[in-house]
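Observations on the model geometry
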Amino acid sequence: MGFLVWLAVTIATIIPLMKLLPHFGVHKYWAFAAVIPIVPLILLWVMAMKLQEMERL
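Presented here is an overview of the structure given in this document. (Residues numbered from 1 in each chain as written. Predicted model: local features only at pLDDT ≥ 70, side-chain atom pairs only at ≥ 80, totals over all residues. Heavy atoms only, no water.)

Here we look at the overall build of the protein chain
- Counting its regular elements, the protein chain contains two helices and zero strands.
- Dimensions of the protein chain, computed from the C-alpha atoms along their principal axes, are close to 45 × 15 × 15 Å.
- Looking at the 57 residues of the protein chain, the share that counts as buried comes to 21%.
- Within the protein chain, contacts between residues at least 6 apart in sequence are counted, and of these 34% link residues at least 24 apart.
- When the accessible area of the protein chain is evaluated, it comes to approximately 4400 Å², of which 76% is carbon and sulfur surface. (Helix = DSSP H or I, 4+ residues; strand = E, 2+ residues; numbered from the N terminus. Buried < 20%, exposed > 50% of the residue type's maximum accessible area, 1.4 Å probe, protein only. Contact = heavy atoms within 4.5 Å. Areas by Shrake-Rupley, 256 points an atom, 1.4 Å probe, with all protein chains shown as cover.)

Here we look at the side chain of threonine 10
- Within the fold, threonine 10 resides in helix α1 (residues 2-20).
- Discounting residues that sit within four places of it in the chain, threonine 10 has contacts with Ala34 and Val35.

A word on the environment of proline 22
- Turning to its location among the elements, proline 22 is positioned in the loop between α1 and α2 (39-56).
- For proline 22 and arginine 56, which are 34 residues apart along the polypeptide, the C-alpha to C-alpha distance reads 19 Å.
- In contact with proline 22, other than residues within four places in its own chain, are Leu17 and Lys28.

Overview of the environment of methionine 49
- Position of methionine 49 relative to the elements: it lies in helix α2.
- Residue classification places methionine 49 among the partly exposed residues on the basis of a relative accessible area of 36%.
- The spacing of methionine 49 and tyrosine 29 is 20 residues in sequence and 19 Å in space, taken between C-alpha atoms.

A look at the packing of aromatic side chains
- Summed over the entire model, instances satisfying the criterion amount to two aromatic pairs.
- Each ring, one from phenylalanine 3 and one from tryptophan 6, has its centre 5.7 Å from the other, and the planes form 35 degrees; the classification is tilted. With phenylalanine 3 and tryptophan 6 both in helix α1 and three residues apart, the pair spans about one turn of that helix. (Phe/Tyr/Trp six-rings, centres within 6.5 Å; stacked < 30°, edge-to-face > 60°.)

In structure tokens, the structure reads:
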């Protein structure tokens, strides 16, 4: 049962990341790294830094 919950959360994370990452200059296939639990937090941090950089321009 725990595996199914983890799988559902992972899929629910990968799909939006695949759509968002290209807007921040990151290849969309990095979303598949979200299988590792800490990676979505790192990707969110990268996106936040890129957004901050884009706002300065």
